Amino acid sequence: MATIKIKQIKSKIGYPVDQKRTLEALGLHKISQVVEKEDTPVIRGMVRKVHHLVEVIG
């Protein structure tokens, strides 16, 4: 299956706990960190929830 790269572009400080947990579930802990995940509806939903904190690279 296809993969997407997700990059954290903004700090999670000051955002609700559920958004912080979503970033951790995606494997993101630092700004500019990039993770590669399978392109599934579940991952897309998580990205949509924190779209203001991350950037989809590919």
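Please read all numbers here as calculations on a predicted model, not as lab measurements.

Sorry if this is basic, but what is going on with unusual backbone geometry here?
Both trends apply: most residues other than glycine have a negative phi, and most peptide bonds are in trans. The phi torsion at S32 lies on the positive side, around 75°, for a residue other than glycine. Assignment of secondary structure puts S32 in the loop between helix 1 (17-26) and strand 2 (34-38).

Even after reading the chapter, I still don't get the packing of helix 1 against helix 2 (residues 41-49), so can you show me in this structure?
Geometry of a packed helix pair, given as the angle between the helix axes and the separation of the axes. Put simply, helix 1 and helix 2 touch, their axes get as near as 10 Å, and they point 140° apart. When the interaxial angle is binned, helix 1 and helix 2 end up oblique. Viewed along their axes, helix 1 and helix 2 form a crossing whose handedness is left-handed. Counting all contacts with helix 1, which are made through D18, Q19, T22, A25 and L26, the residues of helix 2 involved are I43, M46 and K49. Each residue belonging to the contact of helix 1 with helix 2 can be placed in one class, and the counts come to four nonpolar, two polar and two charged.

Even after reading the chapter, I still don't get the sheet that holds strand 3 (residues 54-56), so can you show me in this structure?
In a beta sheet, neighbouring strands are held together by backbone hydrogen bonds and run either parallel or antiparallel to one another. If you walk across this open sheet you meet the three strands as 2-1-3, and the pairing is antiparallel. Because the sheet does not close on itself, it has two edges, and the strands there are strand 2 and strand 3. Sheet twist, expressed as the mean angle between neighbouring strand axes with direction ignored, is 30°. Bridge analysis of strand 1 (residues 3-8) against strand 3 gives three bridges, and the strand direction is antiparallel. For K7, the partnering residue across the bridge sits in strand 3 and is E55. Lying over the sheet, helix 1 contacts strand 1, strand 2 and strand 3, oriented at roughly 80° with respect to strand 2.

Here is what the cut-offs are and how they apply
- Residues numbered from 1 in each chain as written.
- Predicted model: local features only at pLDDT ≥ 70, side-chain atom pairs only at ≥ 80, totals over all residues.
- Heavy atoms only, no water.
- Helix = DSSP H or I, 4+ residues; strand = E, 2+ residues; numbered from the N terminus.
- Axes fitted to C-alpha atoms, helices over the stretch in contact; angles between N-to-C directions.
- Parallel < 35°, antiparallel > 145°, perpendicular 65-115°, else oblique.
- Left-handed = near helix turned anticlockwise from the far one by under 90°.
- Contact = heavy atoms within 4.5 Å.
- Nonpolar A, V, L, I, M, F, W, Y, C, P; charged D, E, K, R; others polar.
- Pairing = 2+ DSSP bridges.

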